[in-house]
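Commentary on secondary and tertiary structure
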Amino acid sequence: MHMPSVEPVWTDEVLDFAQGLASQARTIALRWFRHQPDIELKADDSPVTVADRGVEAFLRDEIARRYPNHGLLGEEFGMQAGDAEVLWSIDPIDGTRSFITGNPLWGCLLAVLHQQQPLIGIVDIPYMAERWVAVRGRGCWLNGERCRSSKTTDLAQAVLQSTSPDLFSDADLQAFEHLSKAVHLRRFGGDCYAYALLVSGYVDLVVETRLMPYDYLPLIPLIQEAGGVITDWQGQPLGLGSDGRVVAAANAVLHRQALARLTAQATGC
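This brings us to the layout of surface pockets. Quantified by volume, the largest pocket comes out at close to 640 Å³. Along the walls of the largest pocket sit 29 residues, with Arg97, Leu167, Asp191, Arg210 and Asp215 positioned nearest its centre. Among the residues forming the lining of the largest pocket, the class breakdown is 9 nonpolar, 9 polar and 11 charged.

Evaluated as defined, the whole model comprises 10 salt bridges. In this structure, glutamate 13 engages arginine 66 in a salt bridge whose closest nitrogen and oxygen atoms are separated by 3.7 Å. With glutamate 13 in helix α1 (residues 11-32) and arginine 66 in helix α2 (residues 50-66), this residue pair connects regions lying 53 residues apart in the sequence. With a closest N to O distance of 2.6 Å, arginine 65 and glutamate 62 form a salt bridge. With arginine 65 and glutamate 62 both in helix α2 and 3 residues apart, the pair spans about one turn of that helix. With relative accessibility at 59%, the residue arginine 65 sits in the exposed group.

On to helix α5 (residues 192-199). Residues separated by three or four positions in an α-helix point in the same direction, a consequence of the helix having 3.6 residues per turn. A large share of α5 lies buried, amounting to 8 of its 8 residues. Those residues of α5 that sit buried are Cys192, Tyr193, Ala194, Tyr195, Ala196, Leu197, Leu198 and Val199. Glycine 201, located one to two residues past α5, shows a positive phi value of around 95 degrees.

Our next topic: the sheet that holds strand β7 (residues 117-125). Read from one edge of the open sheet, 8 strands run β4-β3-β5-β6-β7-β8-β9-β10, paired in mixed fashion. The two strands at the open ends of the sheet, each matched to only one other strand, are β4 (78-80) and β10 (145-146). Relative to β4, strand β3 (residues 71-74) runs antiparallel, the two being bridged by 3 bridges. Of the residues in β4, the one forming a bridge with glycine 74 is glycine 78.

Neither face of strand β15 (residues 246-249) is left uncovered, since the one carrying Val246 and Ala248 and the one carrying Val247 and Ala249 both have all their residues buried. Bridge count for strand β13 (residues 205-208) against β15 is 4 bridges, and the pairing is antiparallel. Bridge assignment links valine 207 to a residue of β15, and that residue is valine 247. One ladder, built from 3 bridges, connects strand β14 (residues 229-231) with β15; its direction is antiparallel. Paired with valine 229 across the strands is alanine 249, a residue of β15.

Rules and cut-offs
- Residues numbered from 1 in each chain as written.
- Predicted model: local features only at pLDDT ≥ 70, side-chain atom pairs only at ≥ 80, totals over all residues.
- Heavy atoms only, no water.
- 1 Å grid on protein atoms, 1.4 Å probe; cavity = no way out; pocket = protein on both sides within 12 Å on 5 of 7 lines; lining within 4 Å.
- Points joined across faces, edges and corners; volume = space filled by probe spheres on them.
- Nonpolar A, V, L, I, M, F, W, Y, C, P; charged D, E, K, R; others polar.
- Salt bridge = Lys/Arg side-chain N within 4 Å of Asp/Glu carboxyl O.
- Helix = DSSP H or I, 4+ residues; strand = E, 2+ residues; numbered from the N terminus.
- Buried < 20%, exposed > 50% of the residue type's maximum accessible area, 1.4 Å probe, protein only.
- Pairing = 2+ DSSP bridges.

Given below as structure tokens:
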């Protein structure tokens, strides 16, 4: 897919608006955190709360009011005008399982796509008051400080993270185990926070499956602008039609090694 080379003239305006939305969403979500909101199960057995729906409804309303011609993609309320030149991706609470169990490592994810390519990415961690922001071509920043991914290029020295082994199918878990046996340390938990730690240089690899576009689209600018690589398990760029298998690495050398281990297991080599 063609990557737009010229930054839209509205980038700064939309960036400021998006950061304001993230701050307001943070306040809304924190009102419910550790207050035992009612929990429902969606069709895929994933949990959802009034906080998820309330945050997304707020964000969609505000975006539609300010930019009525922009498209919207959200976890709770789906796609609207998906073919628009500018598309917002919303995950109101990434890590609902963490949210409902009192774990603070959940976040609000926002992306702004221009011509189907992520231009702006935001990962906001409300309880920790941490916000990672990236704009394509401008770098990645945590609370105003520049982020750089690690320079680890040897799998044997790498730290690998994933949300939960329970989320892998049997075949995908075998591939993940084949990779994780080669690394220095593996850790579980964290949802979007794992990618934020990669962006900041503390984690070297994140490997997951069953992700949706609103899970990974906001991560793409952050990881790329920090010096990392994020693709599907075949090494292809992530987009709206990707299969949900994601591998993020601190750098291209480590990414190639991780893909080799994953695909070697998949092909039986």
